[in-house]
Amino acid sequence: MKNFTLAALVLSFLFCCKETPKKTEENKPQSVLEHVVAQHEVLFKKALPHIATPKLMPKSITDDKLRLVDIYEWTSGFYPSSLWYIYGISKDEKWKERAIRYTEKLDTIQYWEGNHDVGFMIGCSYGNGLKYMKSKSYEKVIVQTAKSLSARFRPKAGVLQSWEANKRWQCPVIIDNMMNLELLFEATKISGDSTFYDIAVTHANTTMKNHFRADNSSFHVLDYDKETGEVLQRNTAQGYADASAWSRGQSWGLYGYTVMFRETGNKIYLEQAQKIADFIMNHPNLPDDKIPYWDYDAPITPDTKRDASAAAIAASALYELSTFSTDTKKAAYQSLADKMLATLSSDNYLAEVGTNEGLLLKHSVGSIPHNSEIDVPLNYADYYFIEALMRKENMGK
Ligand code: GLY
């Protein structure tokens, strides 16, 4: 979620986009970014009948129909944030109006203290909005959301609690939580209040100490004693096994520590991000087309599902990480991200315009252990795919 030179992006998109050409329904070759914008028009029209209802954010497909989710569902920010990117690509004011309309539907989330995912919900939607227009009211939303998120900070354990306590866990923290820290950094920049920055650093440090294994893969869920900081359990919720490397979790960690380095300049985070990147890049179970199976330790059979979302998130993170890396690492990270994007942009993964209920990518996985969202499109796969395409374009300048 870095700033972009919009004019350069648009020019490159319109005139010199070098990605694999796709075909429209009229059989006209077009760039992947043009394809993305055209497919978003389809999605916007599919979602339009629901625009005024609380269940308004397109997420996936169920029973061959577009599935929309309530604003309190963790993925509610990805559609508005994608709309901001589509505006950034196309420069067409209609997309800005659409992005504003959907972003502001999330207004009440800024006060929600019930879950850590407000970083995704508000950081991506209002946060991207701030990249494309100045708005004091959007800044206020970011700061208020940071306050709500900070209410989940458990100082004695040094973590932001992810989910509410339940029968199994008293203070669960998931690796995905690294993705909420960017919002805290943004809130400190806006408000000058370093409390948010300090919480982000403390959480990242505790996670670095406790979540990672010797091979640099991470556990999914850690349960903490809130009073002593003792790690009570190391488990999974969405992975193959407690001891396995759930693929999307590895991508969240990679992205999160890359952001940590960008925001603090502290080399320990760069090294952590590089270790995660190397784990992914060198994993013997990463297929030649570079789209991970849903878990790096899942037994591989002809039916083992891939997770396009894990690839899209990783590709976006790898492009940014490559800009902080030198020599062979820089080239290796760019090359892996390029291969991921090339596969995601192929007909196997990128839906033809007008199909897939307007969603971009096929073949993501929500949660196999919960038998939920298996081999479907997911709005966050689309969001990070667009971001990765934009980062690639921007790096070419
Ligand atoms: N943060 C939830 C997920 O990645 O599925």
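Rules used throughout
Residues numbered from 1 in each chain as written. Predicted model: local features only at pLDDT ≥ 70, side-chain atom pairs only at ≥ 80, totals over all residues. Heavy atoms only, no water. Phe/Tyr/Trp six-rings, centres within 6.5 Å; stacked < 30°, edge-to-face > 60°. Helix = DSSP H or I, 4+ residues; strand = E, 2+ residues; numbered from the N terminus. Buried < 20%, exposed > 50% of the residue type's maximum accessible area, 1.4 Å probe, protein only. Axes fitted to C-alpha atoms, helices over the stretch in contact; angles between N-to-C directions. Parallel < 35°, antiparallel > 145°, perpendicular 65-115°, else oblique. Left-handed = near helix turned anticlockwise from the far one by under 90°. Contact = heavy atoms within 4.5 Å. Nonpolar A, V, L, I, M, F, W, Y, C, P; charged D, E, K, R; others polar. Near = heavy atom within 4 Å. Polar contact = N/O pair within 3.5 Å; in protein donor to acceptor, adjacent residues only side chain to side chain. Areas by Shrake-Rupley, 256 points an atom, 1.4 Å probe, with all protein chains shown as cover. Salt bridge = Lys/Arg side-chain N within 4 Å of Asp/Glu carboxyl O. Pairing = 2+ DSSP bridges.

Novice: Mind showing me how you'd approach the packing of aromatic side chains here?
Specialist: Aromatic ring pairs are defined here through the distance separating the ring centres and the angle between the ring planes. Taken as a whole and assessed by the stated rule, the structure comprises 29 aromatic pairs. Considering the side-chain rings of Trp252 and Tyr380, the 6.5 Å spacing of their centres and the 40° angle between planes classify their relative orientation as tilted. Note that Trp252 is positioned in helix α9 (residues 247-264) and Tyr380 in helix α13 (residues 379-395), a separation of 128 residues in sequence. Accessibility expressed as a relative area gives 0% for Trp252, which makes it buried. For Tyr380, a relative accessible area of 1% gives the class buried. An aromatic cluster is present here, built from Trp74, Phe78, Tyr85, Phe120, Trp252, Tyr255, Tyr380, Tyr383 and Tyr384 joined pairwise through their rings.

Novice: Quick question: what am I supposed to make of the packing of helix α3 (residues 78-90) against α13 here?
Specialist: Axis angle and axis distance: for two packed helices, these are the angle between their axes and the distance between the axes, and together they describe the pair. Where α3 contacts α13, the two axes come as close as 9 Å, and the packing angle between them is 25°. Classified by the interaxial angle, the pair formed by α3 and α13 is roughly parallel. Of the two possible hands of crossing, α3 and α13 adopt the one that is left-handed. The residues of α13 that touch α3, namely those facing Phe78, Ser81, Ser82, Tyr85, Ile86 and Ile89, are Asn379, Tyr380, Tyr383, Tyr384, Ile386, Glu387 and Met390. Classifying every residue of the contact of α3 with α13 by side-chain character gives 9 nonpolar, 3 polar and 1 charged.

Novice: What am I meant to see in the site of the ligand here?
Specialist: Taken together, Trp74, Asp176, Gln238, Trp246, Arg248 and Trp252 make up all the residues around the ligand. Here an oxygen atom of the ligand and a side-chain polar atom of Trp252 are 2.8 Å apart. Taken by itself the ligand offers 190 Å² of open surface, and the protein chains cover 92% of this. Residue composition of the shell around the ligand, grouped by class: 3 nonpolar, 1 polar and 2 charged.

Novice: Explanation requested: the pattern of salt bridges in the structure shown.
Specialist: Two side chains carrying opposite charge are able to pair once their charged atoms lie near each other. Per the counting criterion, the structure on display carries 21 salt bridges. Across the salt bridge formed by Arg98 and Glu41, the nearest N and O atoms sit 3.1 Å from each other. Here the residue Arg98 occupies a position in helix α4 (residues 93-104), and Glu41 occupies one in helix α2 (residues 32-47), the gap between them amounting to 57 residues. Take Arg98: its relative accessible area is 14%, and that puts it in the buried class. Lys189 is the partner of Glu263 in a salt bridge, and the nearest nitrogen-oxygen pair spans 2.9 Å. Here Glu263 is found in helix α9, whereas its partner Lys189 is found in helix α7 (residues 181-191), with 74 residues between them in sequence. Overall, Glu263 belongs to the buried group, its relative accessible area being 15%. When salt bridges with common partners are traced through the structure, they connect Glu182, Glu186, Lys189, Arg262, Glu263, Glu320, Glu387 and Arg391 into a single cluster.

Novice: Honestly, unusual backbone geometry in this entry has me stumped. Any pointers?
Specialist: Glycine aside, the phi torsion of most residues is negative, and most peptide linkages are trans. Unusually for a residue other than glycine, Asn371 sits at a positive phi of about 50°. By the element assignment, Asn371 lies in the loop between β10 (364-367) and β11 (372-376). Here Asp375, not a glycine, exhibits a phi torsion of approximately 60°, which is positive. Of note, Asp375 is situated in strand β11. By relative accessible area, which is 33% here, Asp375 ends up partly exposed.

Novice: Looking at this structure, I do not really get the packing of α9 against α13. What am I missing?
Specialist: Running from amino to carboxyl end, α9 crosses α13 at an angle of 45°, the nearest separation of the two axes being 14 Å. By the criterion of interaxial angle, the relationship of α9 to α13 is oblique. Considering only the axes of α9 and α13, their crossing is left-handed. Together, Arg248, Trp252, Tyr255 and Arg262 of α9 and Tyr380, Tyr384, Glu387 and Arg391 of α13 make up the contact between the two elements.

Novice: What am I meant to see in the pairing of β10 here?
Specialist: On a regular strand, each side chain points to the face opposite its neighbour's, so the side chains alternate between the two faces of the sheet. Where β10 meets β11, 3 bridges bridge the pair, whose relative direction is antiparallel. Residue pairing for β11: Ser364 is matched across the bridge by Val376. Here β10 folds back onto β11, and the loop between the two strands holds 4 residues, one of which, Asn371, carries a positive phi near 50°.

Novice: Just checking my understanding: could you explain the environment of Ile199 for this structure?
Specialist: Mapping Ile199 onto the fold places it in helix α8 (residues 194-210). The class of Ile199 is buried, set by a relative accessible area of 7%. In the structure, Ile199 is positioned 84 residues away from His283 in sequence and 32 Å away in space, judged by C-alpha atoms. When sequence neighbours within four positions are dropped, the list of residues in contact with Ile199 reads Ser150, Phe153, Leu160 and Leu184.

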